[in-house]
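# Structural features, examined
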Amino acid sequence: MYRCVINGHPFIEYYSTLQICVHKTNLTPSVEVIYRFDLAFYNIDYAKKNDCFILISYSGETNDMLRVLEELKRRELTVLALTSFGDNTLSKSASVVLNISTREKLINNLGNFSSDLSVMYLLDILYAGYFSGDYQKHLAQKNKIAKGYQQFRSSDNPLLKD
């Protein structure tokens, strides 16, 4: 099972969409998005040794996230961290680290544009990597399901025609 613990809300909707794609195509037994830290501890209690937790934190130093990380390490569970470049507690303790763009300051910034895009890109790569593991099977299943729930969707744009 893949469980994603997210510090901050911008990725909840995006990752939930990715989760729906995974569930609908039966690509993996389970993907769960956890955005409340109390639920993270609940999920850790029921995790199996082969579960993987994806922790997303720009600073890698948020107190709640570090408490989750500490419990995951105590239980010897796999942690994949998506966090900024440079040393931080999350990157030092995670099993695997994928760095996200570090172009915004923590406080003096105009938005989270580059870090948000960086996280979405990495999640897409993870999904694509899993999908490619049995590409033909996953593609056939995805197309079968898509035809069923998108039958009423249409466009006059010739570029969008199948």
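Everything that follows concerns the structure shown earlier in this document.
Anyway, here's the lowdown on the structure attached to this text.

Calculation rules
Sequence order as written defines residue numbering, which begins from 1 separately in each chain. Under the rules for a predicted model, residues below a pLDDT of 70 receive no local features and side-chain atom pairs below 80 are neither given nor counted, while totals for whole chains, interfaces and linings still include all residues. Side-chain metrics in this entry use all non-hydrogen atoms of the structure; hydrogen atoms and water are not considered. Only the contacting stretch of a helix is used when fitting its axis, a line to C-alpha atoms as for every element, and angles between N-to-C directions run 0 to 180 degrees. Segments assigned H or I by DSSP are reported as helices when at least four residues long, segments assigned E as strands when at least two residues long, and all are numbered from the N terminus. For classification, angles of less than 35 degrees are called roughly parallel, those exceeding 145 degrees roughly antiparallel, those between 65 and 115 degrees roughly perpendicular, and all remaining angles oblique. The contact definition used throughout considers only heavy atoms, calling two residues in contact when any of these lie within 4.5 Å. For every residue, the accessible area (1.4 Å probe, protein chains only) is compared with the maximum for its type, and the residue is labelled buried under 20%, exposed over 50%, or partly exposed between those bounds. Paired strands are those between which DSSP finds at least two bridges. Orienting the strands away from the viewer, one traces the path from the first strand over the helix to the second; a clockwise path indicates a right-handed crossover.

On to the packing of helix H2 (residues 37-45) against helix H3 (residues 63-74). Here H2 crosses H3 at 5°, and the two axes come no closer than 10 Å. Put simply, H2 runs roughly parallel to H3. Here Phe37, Ala40, Phe41 and Ile44 of H2 come into contact with H3, specifically with Asp64, Met65, Arg67, Val68, Glu71 and Leu72.

Turning our attention to the side chain of serine 91. Tracing the backbone shows serine 91 in helix H4 (residues 89-93). Looking at serine 91, the relative accessible area reads 16%, which means it is buried. Discounting residues that sit within four places of it in the chain, serine 91 has contacts with Thr83, Gly86 and Val97.

Across the six residues that make up strand S3 (residues 52-57), a large majority, six, are buried. Residues Cys52, Ile54 and Ile56 of S3 are buried on one face, and the alternating residues Phe53, Leu55 and Ser57, pointing to the opposite face, are buried as well. Relative to strand S4 (residues 78-84), S3 is paired through six bridges, and the arrangement is parallel. The residue bridging leucine 55 from the neighbouring strand is alanine 81, located in S4. In the classification by handedness, the crossover that spans S3, the intervening H3 and the parallel S4 is right-handed.

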